[in-house]
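Structural overview for review
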Amino acid sequence: MMLPADLRKAVQIDLCRDALRVWSGYCREPRSLDYVESVCGTRQSVDHDLPDAAFRSVLAGKDVENVAARYREPIAALQDDDLEFPDSVEFAYYAIYNLFSRHVCDRVDDDWLIVNQALSAHGEGAEYASILESSMKRNGEPLAPTGDRA
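Residues numbered from 1 in each chain as written. Predicted model: local features only at pLDDT ≥ 70, side-chain atom pairs only at ≥ 80, totals over all residues. Heavy atoms only, no water.

1. A word on the nonpolar core
Defined as follows: Note on terminology: a nonpolar core comprises buried Ala, Val, Leu, Ile, Met, Phe, Trp, Tyr and Cys residues joined through side-chain atoms within 4.5 Å. Exposure is judged per residue with a 1.4 Å probe applied to protein chains only, and the accessible area is read against the type maximum: over 50% gives exposed, under 20% gives buried, and values in between give partly exposed. Only DSSP runs of H or I covering at least 4 residues are called helices, and only runs of E covering at least 2 are called strands; the numbering of each starts at the N terminus.
Within the largest apolar cluster, 43 residues are counted, with the highest numbers of intra-cluster contacts made by Leu15, Cys16, Trp23, Tyr71, Phe85 and Tyr93. Listing elements by their share of this core, those giving two or more residues are helix H1 (5-28), helix H2 (50-60), helix H3 (67-79), helix H4 (87-103), helix H5 (111-120) and helix H6 (128-138). At ten residues, the largest contribution of residues to this core is made by H1.

Dropping the structure here:
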């Protein structure tokens, strides 16, 4: 089923709002979010507010808080395995980053990547189809009869 662009964006924002809750919950736990960047050996600290800033930028339709530049190091650190999060938190972090990249920087071509990452932030065993259906209903998509979805 192909969704109109405005509905795809609304569903992505809706699902990433949940992913942002996963991220925020992780940050509320008392823990250090410091890591050592392996190329230069410098100690880095994760910016707790970065996913929130990215989400605010998406809602504003522009990079209002220098988010693109602020994401460079932590995304490289995640890809280099210098920075690690539990799976659901990592999916949440990437979903919000890719939401920002798609709707502010126009860099992500696969809209389903954002949806899949945001759904994966709910953790193993979550009812992904149900969560997606609920989001689509909340955002105005009349669902096709079972079997007509692709």
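The structure having been displayed, the exposition proceeds.
2. Let's talk about the confidence of the model for the protein chain
Rules: The predictor attaches a confidence to each residue, and that confidence, scored 0 to 100, is pLDDT. Pairs of residues are marked as contacts when any of their non-hydrogen atoms sit within 4.5 Å.
On average, the protein chain scores 91 in pLDDT, and the residues at 70 or more come to 93%. Contacts from residues 145-150, a stretch scored under 50 in pLDDT, to residues over four places away or in other chains number five contacts.

3. Quick notes on empty space enclosed by the protein
Our working definition: For each structure, a 1 Å grid was placed over the protein atoms alone; sets of points admitting a 1.4 Å probe that cannot get out are labelled cavities, open sets with protein on both sides within 12 Å along at least five of seven lines are labelled pockets, and lining residues have an atom within 4 Å of a point. Grid points are joined across faces, edges and corners, and a volume is the space filled by probe spheres set on the points. Think of it as three bins: nonpolar holds Ala, Val, Leu, Ile, Met, Phe, Trp, Tyr, Cys and Pro, charged holds Asp, Glu, Lys and Arg, and polar takes everything else, Gly as well.
All told, the structure shown has one cavity of 30 Å³ or more when counted by the stated rule. One number sums up the size of the largest cavity: a volume of about 50 Å³. Around the largest cavity sit Leu3, Arg8, Val11, Gln12, Asp111, Trp112 and Val115, which together line it. Of all the elements in the fold, those that place two or more residues in the lining of the largest cavity are H1 and H5. A per-class count over the lining of the largest cavity returns four nonpolar, one polar and two charged.

4. Digging into the environment of Glu29
By the secondary structure assignment, Glu29 is in the loop between H1 and strand S1 (34-37). Here the alpha-carbon distance between Glu29 and Val46, two residues 17 residues apart in the chain, equals 14 Å.

5. Side note on H6
Note the cut-off: Each C-beta atom gives one direction from the helix axis, and the arc is the one those directions make.
Buried within H6 we find Ile131, Leu132, Ser135 and Met136. Down the axis of H6, the sector holding all buried residues measures 135°, keeping them to one side. Of the exposed residues in H6, those oriented more than 90 degrees away from the buried face are Ala129, Lys137 and Arg138. Where H6 is buried, its residues touch H1 and H5. Gly140 sits one or two residues past H6 and shows a positive phi near 100°.

6. A closer look at the packing of H5 against H6
Going by this rule: Axes, fitted as lines to C-alpha atoms, cover a helix only where it is in contact. Angles between the N-to-C directions of the axes lie from 0 to 180 degrees. When describing relative orientation, an angle under 35 degrees is termed roughly parallel and one over 145 degrees roughly antiparallel, while 65 to 115 degrees is termed roughly perpendicular and anything else oblique. Two helices crossing with the near one rotated counterclockwise from the far one by less than a right angle form a left-handed crossing, whereas a clockwise rotation gives a right-handed crossing.
Close contact between H5 and H6 brings their axes to 10 Å; oriented N to C, the two are set at 120°. As judged from the angle between their axes, H5 and H6 are oblique. Crossing of H5 over H6 shows right-handed handedness. Facing H5, whose interface residues are Trp112, Val115, Leu119 and Ser120, H6 presents Tyr128, Ile131 and Leu132.

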